[in-house]
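Descriptive structure summary
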Amino acid sequence: MADKMIDKVRELSRKPEKIRNIAICAHIDHGKTTFSDNLLAGAGMMSEELAGRQLALDFHADEQERGITIDAASVSMIHHVKGEDYLINLIDTPGHVDFGGDVTRAMRAVDGAIVLVDAVEGMMPQTETVLKQALRERVKPVLFINKVDRLIKEVKLTPEQMSERFMKIITDVNKYIQSVAPDEFKEKWIANVQAGAVAFGSAFHKWALSFPYMKDKNISFKDVISAYEAGEEEYKKLSKKAPLHEVVLGMVIKHHPNPLEAQKYRIPRIWHGDPESEEGKSLTHCDPNGIVAFIVTKIVIDKHAGEVACGRLFSGTVKQGDILYMNGAKREVRVQQVNIYKGAQRIQVEDSPAGNIIGLVGLKNTFSGETISSKPMEPFEAIKHIFDPVITKSIEPVSSGDLAKLVEVLKQVNKEDPTIKIEINDETGENLISGMGELHLEVIENRIKTEKGLQVKTSPPIVVYRETIQTKSPEAEGKSPNKHNKFYFTIEPLEDNLYQAIKAGEIPEGRLKKSDMETFKKLETLGIPMKDAKSIRDVYHGNMIVDNTRGIVHIGEVIELIIDGFEQVMDMCVLAREPGMKMLVRIMDLKLHEDAIHRGPAQVLPAVRDGLREAINMAKPVIFEPLQVLQIDAPSEYMGEVSKLIQNKRGQLIDMKQEGVTMTVKAKLPVAEMFGLSSDLRSATGGRGVYFVVDQVFEKLPETLQNKVIASIRNRKGLTENQ
């Protein structure tokens, strides 16, 4: 039986019109993993008894222990509709905000998303975040409303009240889709109940319904309610009458696009090369005979095979033994194995064509977001996560003999989870690890101990601040050490609409080329005249550098070095060597030595860095701190305690809503004050309060704290007065 299934998976992987690449995304604890287990069991990829209990996709010990999904795992299954077989590649994603990076990366590999919403809780902050990420990558959503059994058993709603409840959730989701979706999809992609792009059900009890299915099989909500009232025997029959996998996978096949359709509109969004070039056409048409273009979205370390690079093949066919080029690392690698998935098992095959989600073994030292191709090409846009890592810990091994091993392990951890930022400082011997939040770092630390078998100790968490400027600087000069080259810069705050567009991923980060017309047009719509847009050279971590020089003969030879110097200064600014944000640098003029030998990196880089630092110093630099916008849910009687807690942590109350006995509070809190927030909130609300991160912003640190914070960061980094 198993072999027949493998042959079937292989055969379908060659028919892109029969493939659907999808992800499930939802808020934490809305039932995603139970839901994906059910789909697997229904498609015959796992035993029925275990579905919902096996948590097939949570195969890390810490996932089963904590009861949350941490890694996005890939799974393939076959579904039979109206006499046709389809191959569905599913990526299960985590819902917890600290692992949001996995969600972003999964979205790059898929064309459709099932948005899962808990019928009782409705749309939550995390649902919005994952939906925003899906729409940003042009991934089409459909909706599944889960835990309907709770509405009947716990909330005891009538069929009319249930319909009202569903309509509210659907309206909320559609409103959000219309506000965030790209213009051409605002209307096309809303969840349409009549068309069957919405399903309702209970993943735990293995049944689901959609409007077309209810008509077809003549089942109504009344039948569902009476089945639950009649007791367990009756409602168990629901999973035979309306099996979850049949309804949901049917909805996926009907409403999600196949790779041939999806790549036509997704490629222009995620790849900025020339659409008329050979690789451009091959990508847009998902051509199995074209150039190989594979994007790595996840690296799984397998104790037998080593590193398995999981991702989406957008064009070409990958064969075992192929020599491919890594565009980021700029070197060649040999593919040792090509794997497809049957359920969550990896199966080795000779080759696999475009449109599939596959695993490759042999791509030594690759990383998530890397573009792998048969020859050097324009890489895919960097995969951007909505939030930046804002919490850092220094990490060291318990025994000093393990230092080399720790460096290796940290590099490995960084590959498995690129939202973790690793800084290895050879001079001070300090190793820093930055993540999205306390839980994120705690899980990573735990994995280093249990899976990598290395005992480590970490410092208390440190907050990562940002530096920016308040006014425009006069012209600043940077001289090269040999005094023969001079560079003149001014610096000014970057306009807010540009900064927001970079943050939202509308303007891609990276060095700009003359051919990046798409980006220049976007800049034009944001109010920058085309001629000025074309002089922008680099967009780096929310900062920009513009070339305002005229008629300089040798600028072509030094411009890359100037950009390198600009990026170095933006990584470590002037006040406390923290990263810079929201700055616009203009190169006003340069005087270069005639002889190329006197204008090499050793001369240009120090001059650029000095000139830029001087410009920043003259533009009133300040420290910005990270704040997180939180949603706090707690019983109404604790309103006083919750607002007191927010005030004590320098927080601002944004909004407070009361629904019956529970209240929802929206507040903005400085990350520096958030350590231990979960336990403080629990003790303030008798253990019943929870919070979710909705958004992350940077705001100016209050004047009274500026000097104190700068001094403490400099002290921690061991910086002397003049450094």
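This text gives an overview of the structure that appears in the document. (Residues numbered from 1 in each chain as written. Predicted model: local features only at pLDDT ≥ 70, side-chain atom pairs only at ≥ 80, totals over all residues. Heavy atoms only, no water.)

Moving on: the packing of helix α21 (residues 639-648) against helix α22 (residues 677-684). The contact between α21 and α22 brings their axes to 9 Å, and the two run at 150°. By the angle between their directions, the pair α21 and α22 is classed as roughly antiparallel. As for how α21 packs across α22, the hand of that crossing is right-handed. Facing α21, whose interface residues are E641, V642 and L645, α22 presents L677, D680, L681 and A684. Of the residues contributing to the contact of α21 with α22, the split by class is 5 nonpolar, no polar and 2 charged. (Axes fitted to C-alpha atoms, helices over the stretch in contact; angles between N-to-C directions. Helix = DSSP H or I, 4+ residues; strand = E, 2+ residues; numbered from the N terminus. Parallel < 35°, antiparallel > 145°, perpendicular 65-115°, else oblique. Left-handed = near helix turned anticlockwise from the far one by under 90°. Contact = heavy atoms within 4.5 Å. Nonpolar A, V, L, I, M, F, W, Y, C, P; charged D, E, K, R; others polar.)

This part takes up the pattern of salt bridges. The full count for this structure, using the stated rule, is 42 salt bridges. In this structure, D547 and R537 form a salt bridge, with 4.0 Å as the shortest nitrogen-oxygen distance. Note that D547 is positioned in strand β28 (residues 543-547) and R537 in strand β27 (residues 536-540), a separation of 10 residues in sequence. Take D547 and R537: they sit in the same class, and that class is buried. (Salt bridge = Lys/Arg side-chain N within 4 Å of Asp/Glu carboxyl O. Buried < 20%, exposed > 50% of the residue type's maximum accessible area, 1.4 Å probe, protein only.)

Moving on: the sheet that holds strand β11 (residues 323-326). Here we have 8 strands laid out as an open sheet, ordered β12-β11-β17-β8-β9-β16-β13-β14, and antiparallel in their pairing. Of all strands in the sheet, those with a lone pairing partner are β12 (331-334) and β14 (345-349), marking the two edges. Going across the sheet, the axis of each strand differs from the next one's by a mean of 40°, ignoring polarity. Of the pairings in the sheet, the one linking strand β13 (residues 337-342) to strand β16 (residues 357-361) comprises 3 bridges and is antiparallel in character. Residue pairing for β16: N339 is matched across the bridge by G359. (Pairing = 2+ DSSP bridges.)

Secondary-structure assignment places G369 in the loop between β16 and β17 (371-373). Separated by 12 residues in the primary sequence, G369 and E381 place their C-alpha atoms 8.2 Å from one another.

Moving on, we get to the sheet that holds strand β24 (residues 476-479). Taken together, the 6 strands give an open sheet; going across it, the order is β24-β25-β29-β28-β27-β26, and neighbouring strands pair in mixed fashion. Since the sheet does not close on itself, it has two edges, and those belong to β24 and β26 (510-511), each with one partner. Here 4 bridges tie β24 to strand β25 (residues 486-493), and the two strands are oriented antiparallel to one another. Directly across from K479, in β25, lies its bridge partner K486. Running over the sheet, helix α19 (residues 555-571) touches β25, β26, β27, β28 and β29 (583-591) and is turned about 25° from β27.

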